[in-house]
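# Structural overview
Each chain is listed here by its residues.
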Amino acid sequence: MIKLKGMYDSMLRCIISEDMDASDFSKEFDEVRGKGRRFLPGAKVVLDFGARPLSEGLIRDIMTDLIWPAGMYVAAWITYDAATQDLLKRIGLPTSEPAPSVRANERAAGGALFLQRSLRSGQRVEHSGDVIVAGHVNDGAEILAGGHVTVLGRLSGLVHAGYNGDETASVVVRSLEARQVRIGTKIGSLDRDERWWGKMVIVRVNEGSVFIDYWPMIKSDSRDESAG
Amino acid sequence: MTARVIVVTSGKGGVGKTTATANLAAALANMGKRVVAVDGDVGLRNLDVIMGLENRIVYTLIDALEGTCRLNQTFIRDKRIENLFMIPTAQSRTKDAVTAEQMIEVCGELRKEFDYVLIDSPAGIEAGFRNSAAGADEALVVTTPEVSAVRDADRIIGLLESMDKSPIRLIVNRIRPHMVKKGDMLGVSDVLDILAIDLIGMVPDDEAVVTSSNKGEPLVLSQSTPAGIAFRNIASRIEGKDVPFMNLDATDSGGLFGIIRRAILGH
Ligand SMILES: Nc1ncnc2c1ncn2[C@@H]1O[C@H](COP(=O)(O)OP(=O)(O)O)[C@@H](O)[C@H]1O
Ligand SMILES: [Mg+2]
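A few points on the structure. Keep in mind the model is a prediction, meaning the values are calculated, not measured.

## Structural notes on the overall build of chain B
- Scanning chain B from N- to C-terminus turns up ten helices and eight strands.
- Counting the 267 residues in chain B, one finds 55% classified as buried.
- Restricting to contacts in chain B with at least 6 residues of sequence separation, those with at least 24 account for 77%.
- Accessible surface, chain B: about 11000 Å² in total, of which carbon and sulfur atoms supply 48%.

Given below as structure tokens:
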């Protein structure tokens, strides 16, 4: 199914359901064009494919059967499939979530991307604001964020916070199981036998180096093995 | 009849897809089901060899798709097990010889004649995986307990999820009981923790697998080999029976059984 939703800045989000059969695309395109006859021409739209991989042929079909005839302007093509992102970039299409025009100090509230899923190997999220993952980031998955990154589950994949060089960005994770964390232009690396491995930590840049710290303690925490 | 169409797949190659397809097909047929195993690994075919049917190939799936023969002329009936059939593929063609639409059509036809259609697919990161999986409802993902195989399995599970296959269930193959847990080897509970899908079976590393595939004899017919028992149990679970898991993961100190119960029962 394809759904259209309003976003900030009068932008529309066109959500192409992950479980929709590829053979239903052309029928669904017709329907969206019909429904959007009045408001789609000239509209700014984010196409959201979830984790669906797109082939070159499908991208072409989407352009010729949906975007061009509907007269819409695509601000971003969103898919978590890393190979598809690379393909889209090679073609020259925008792949990162457009940033809303909010003041910098509101970034966390306005521009955060909240992902209610885990990212599996081969999936990548690129976002100009903060990213919160209510799931795991598995080995082979990637997050590129302009701002902070919070992972409520296990981080085994690659996170790059503040990828535009913002070294005030931080990475907060429930269980750090990644060999590397990137912030701004800095790379922090970690071995499996270090005491931070598997712990709840905050990763930050301090005086040019990557530092790891435990989460703030509360009374009920028992952290005996890691204390010290 | 309306068959369940199940694709047997993996991220990494050589982890036991073909072995699993052949043995599960034989076990399900042995339970009285009408089963066809389809070789979906064009160009790297070996399901026929493992099932011991290679000398009886006349037509392949590709011949049927090209209109050289009818689909049912490609069926090879297994003489040892009633109700077991296989459809071979061509060795001399590339993965793009079969399109997704063709696979969907073939599966649609097979659905009418069988209880189970099992598709042996190429490894997931190879071309052709999507096509061979296109006609399936369900998926079995095979992995070994190695870090690299698990990471590739994770990737394929992501793809299968986006193709709306359900259920997607896991077979952990080539487990060595009492294996030294070090470096690149993971325990089954670690594998489950990472992949977060339901486990349908654990298969031990077993010499008998190699000897039986060399002889082209399904392992599940012999009563006592550990891998044969494991594959029979998986077939029963596919049939919806509640078969307890063997404890192969002696290195897991936390008690594997509890963890696996949680994975299956969801608590
Ligand atoms: N449980 C097992 N114990 C021992 N050897 C195995 C087992 N499963 C598979 N093998 C061997 O591993 C090799 C690859 O298996 P195969 O089924 O052809 O993998 P795939 O189809 O995934 O490429 C074969 O030589 C097979 O005999
Ligand atoms: Mg094979």
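Still more to cover.
## As for the nonpolar core
All names here are of chain B.
- Val38, Leu110, Ile119 and Leu170 are the most contacted members of the largest nonpolar core, which has 48 residues in total.
- Ranked by residues supplied to this core, first place goes to helix α6 (residues 147-162) with six residues.
- With residues near it in sequence (within four places) discarded, Leu170 still touches Val141, Thr143, Val191, Leu192, Leu195, Ile197, Asp198, Leu199, Ile200 and Gly201.
- Grouped together as the second largest cluster of nonpolar side chains are 39 residues, Leu84, Val203, Leu219 and Ala230 included.

## Some words on the interface of chain A and chain B
- With 14 residues of chain A in contact, the opposing surface of chain B contributes 16 residues.
- Here chain A and chain B share an interface that buries about 1200 Å² over both sides, 41% of which is from carbon and sulfur atoms.
- Summed over the three residues of chain A that lose the most area to chain B, namely Arg120(A), Ser121(A) and Arg154(A), the buried surface amounts to 42% of that side.
- The interface formed by chain A and chain B contains four salt bridges.
- The residue Asp193(B) makes a salt bridge to Arg154(A) at a minimum N-O spacing of 2.6 Å.
- Taken together, the connections running from chain A to chain B amount to eight residue pairs in polar contact (both at pLDDT 80 or more).
- Residues of the side of chain A that touches chain B, tallied by class, amount to two nonpolar, five polar and seven charged.

## Brief notes about the state of the cysteines
Residue and element names in this part refer to chain B.
- Within this structure, the stated rule accounts for zero disulfides over all chains.
- The cysteine Cys69 is free of any disulfide, with Cys107 supplying the nearest cysteine sulfur at 16 Å.
- By relative accessible area, which is 1% here, Cys107 ends up buried.

## Some remarks on empty space enclosed by the protein
- Taken as a whole, this structure holds five cavities of 30 Å³ or more when the rule is applied.
- If you add up the space inside the largest cavity, you get close to 80 Å³.
- Gly40(B), Val42(B), Val98(B), Gly128(B) and Ser132(B) are the residues nearest the centre of the largest cavity, which is lined by 13 residues in total.
- As for the second largest cavity, its lining consists of Ile78(A), Thr79(A), Tyr80(A), Gln85(A), Thr95(A), Glu97(A), Leu113(A), Arg124(A), Val125(A) and Glu126(A).
- The element that contributes the greatest number of residues to the lining of the second largest cavity is strand β6 (residues 124-127) of chain A, accounting for three residues.
- Class assignment of the residues belonging to the lining of the second largest cavity gives a composition of four nonpolar, three polar and three charged.
- Residue-level mapping places the lining of the second largest cavity at the junction of two domains, with at least three residues from each of domain 1 (2-91) and domain 2 (106-226) of chain A.

## Let's talk about the side chain of Asn173(B)
Residues and elements named next belong to chain B.
- Counting through the fold element by element, Asn173 comes out in strand β7 (residues 168-175).
- Residue Asn173 is classed as buried on the basis of its relative accessible area of 7%.
- Every residue in contact with Asn173, bar those within four places of it in the chain, is listed here: Val15, Gly16, Val142, Thr143, Thr144, Pro145, Val203 and Pro204.

## A look at the packing of aromatic side chains
- Under the criterion given, the structure shown has six aromatic pairs over all chains.
- Taking the centre distance of 6.1 Å and the plane angle of 15° together, the rings of Phe49(A) and Trp77(A) count as stacked. Here Phe49(A) is found in the loop between β3 (44-48) and α2 (56-70), whereas its partner Trp77(A) is found in strand β4 (residues 73-78), with 28 residues between them in sequence. Like Trp77(A), Phe49(A) is buried.
- Look at Phe75(B) and Phe114(B): their rings are 5.5 Å apart centre to centre, the planes differ by 70°, and that puts the pair in the edge-to-face class. Remark: Phe114(B) occurs in the loop between α4 (100-111) and β5 (116-120) and Phe75(B) occurs in the loop between α3 (61-65) and β3 (76-77); sequence separation between them is 39 residues.
- Judged by relative accessible area, Phe75(B) falls into the buried class, the value being 16%.
- Residue class for Phe114(B) comes out buried when judged on its relative accessible area of 0%.
- Members of the aromatic cluster, connected to one another through ring pairs, are Phe75(B), Phe85(B) and Phe114(B).
- Its end group placed over the ring of Trp196(A), Arg195(A) keeps NZ or CZ at 4.3 Å from the ring centre.

## Some thoughts on the layout of surface pockets
- Within this model, the largest pocket holds a volume of roughly 1100 Å³.
- Taken together, 38 residues form the lining of the largest pocket, with Ala22(A), Pro53(A), Ala100(B), Arg130(B) and Met163(B) sitting closest to its centre.
- Taken together, the elements giving at least two residues each to the lining of the largest pocket come down to α1 (25-35), α2 and α3 (82-91) of chain A together with α4, α5 (129-133) and α6 of chain B.
- By residue class, the composition of the lining of the largest pocket is 17 nonpolar, eight polar and 13 charged.

Rules used throughout
- Residues numbered from 1 in each chain as written.
- Chains lettered and ligands numbered in written order.
- Predicted model: local features only at pLDDT ≥ 70, side-chain atom pairs only at ≥ 80, totals over all residues.
- Heavy atoms only, no water.
- Helix = DSSP H or I, 4+ residues; strand = E, 2+ residues; numbered from the N terminus.
- Buried < 20%, exposed > 50% of the residue type's maximum accessible area, 1.4 Å probe, protein only.
- Contact = heavy atoms within 4.5 Å.
- Areas by Shrake-Rupley, 256 points an atom, 1.4 Å probe, with all protein chains shown as cover.
- Core = buried A, V, L, I, M, F, W, Y, C linked by side-chain atoms within 4.5 Å.
- Buried area = accessible area lost by both parts, 1.4 Å probe.
- Salt bridge = Lys/Arg side-chain N within 4 Å of Asp/Glu carboxyl O.
- Polar contact = N/O pair within 3.5 Å; in protein donor to acceptor, adjacent residues only side chain to side chain.
- Nonpolar A, V, L, I, M, F, W, Y, C, P; charged D, E, K, R; others polar.
- Disulfide = S-S within 2.5 Å.
- 1 Å grid on protein atoms, 1.4 Å probe; cavity = no way out; pocket = protein on both sides within 12 Å on 5 of 7 lines; lining within 4 Å.
- Points joined across faces, edges and corners; volume = space filled by probe spheres on them.
- Domains from an automatic or database assignment.
- Phe/Tyr/Trp six-rings, centres within 6.5 Å; stacked < 30°, edge-to-face > 60°.
- Lys NZ or Arg CZ within 6 Å of the ring centre and 35° of its normal.

Function-wise, these values are silent; they only describe arrangement.
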